[in-house]
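Single-letter residue listing:
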Amino acid sequence: MTISSQWEPQFSRDSFATALKYWRSVNGLSQLELVEALSLSHRAFQGVNQPMLSKWEHGNGQPSLMRRAGVAAFFQLPYRYTQEERRLIQGVEKYDEFFIGNDPVYPCSIEKFINYSWTQLPISIASK
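Residues numbered from 1 in each chain as written. Predicted model: local features only at pLDDT ≥ 70, side-chain atom pairs only at ≥ 80, totals over all residues. Heavy atoms only, no water.

Draft legend 1. Inspection of the overall build of the protein chain at higher detail. Tallying secondary structure elements over the protein chain gives seven helices and two strands in all. Tracing the protein chain from N to C terminus, the helices and strands come up as β-α-α-α-α-β-α-α-α. A buried classification covers 37% of the 128 residues belonging to the protein chain. Intrachain contacts of the protein chain at a sequence separation of at least 6 include 57% that bridge at least 24 residues. (Helix = DSSP H or I, 4+ residues; strand = E, 2+ residues; numbered from the N terminus. Buried < 20%, exposed > 50% of the residue type's maximum accessible area, 1.4 Å probe, protein only. Contact = heavy atoms within 4.5 Å.)

In structure tokens, the structure reads:
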């Protein structure tokens with residue numbers, strides 16, 4: 001995935017819709033492809049569908065804090081918590097690590113993790 005710079009939208013409660021649409025597009029994913037990838041990445045995203053993602057991108061509703069942090073983690077970007085969010089949860093840092101290589105839907109352990117953008121995915125991996 002891509003490393004964020006200062007002019008790119010950051011994931012937070014107030015800028016979630018903009019960041020979601022931007023980072024999905026930058027990574028060359030359709031809404032359906034992102035929904036499928038998220039649902040495979042963690043059970044917290046089971047039940048998320050394309051119309052729901054579309055609503056999130058248009059700012060017509062927002063996912064839970066856990067899902068917002070999870071989307072940011074999926075794109076390997078930080079989630080910027082508001083003061084209110086920090087007060088609501090203790091140990092905020094646990095959400096940053098919660099989605100990475102932990103609690104998968106499938107009973108497999110992750111031994112190696114390599115990042116590829118969709119356009120740089122090696123053909124040997126893409127054809128599996």
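Draft legend 2. A look at the packing of aromatic side chains. Counted according to the given criterion, the structure contains six aromatic pairs. Geometrically, the ring pair formed by Phe-74 and Phe-75 is edge-to-face, given 5.2 Å between the ring centres and 85 degrees between the ring planes. In this structure, Phe-74 and Phe-75 share a single accessibility class: buried. Taken together, the aromatic side chains of Phe-11, Phe-16, Trp-56, Phe-74 and Phe-75 make up a single cluster linked through ring pairs. (Phe/Tyr/Trp six-rings, centres within 6.5 Å; stacked < 30°, edge-to-face > 60°.)

Draft legend 3. Structural detail: the environment of Gln-31. Along the polypeptide, Gln-31 turns up in helix H2 (residues 31-41). Overall, Gln-31 belongs to the buried group, its relative accessible area being 15%. It is 9.7 Å that separates the C-alpha atoms of Gln-31 and Met-52, two residues lying 21 residues apart in sequence. Setting aside residues up to four positions removed in sequence, Gln-31 forms contacts with Arg-24, Gln-50, Leu-53, Ser-54 and Glu-57.

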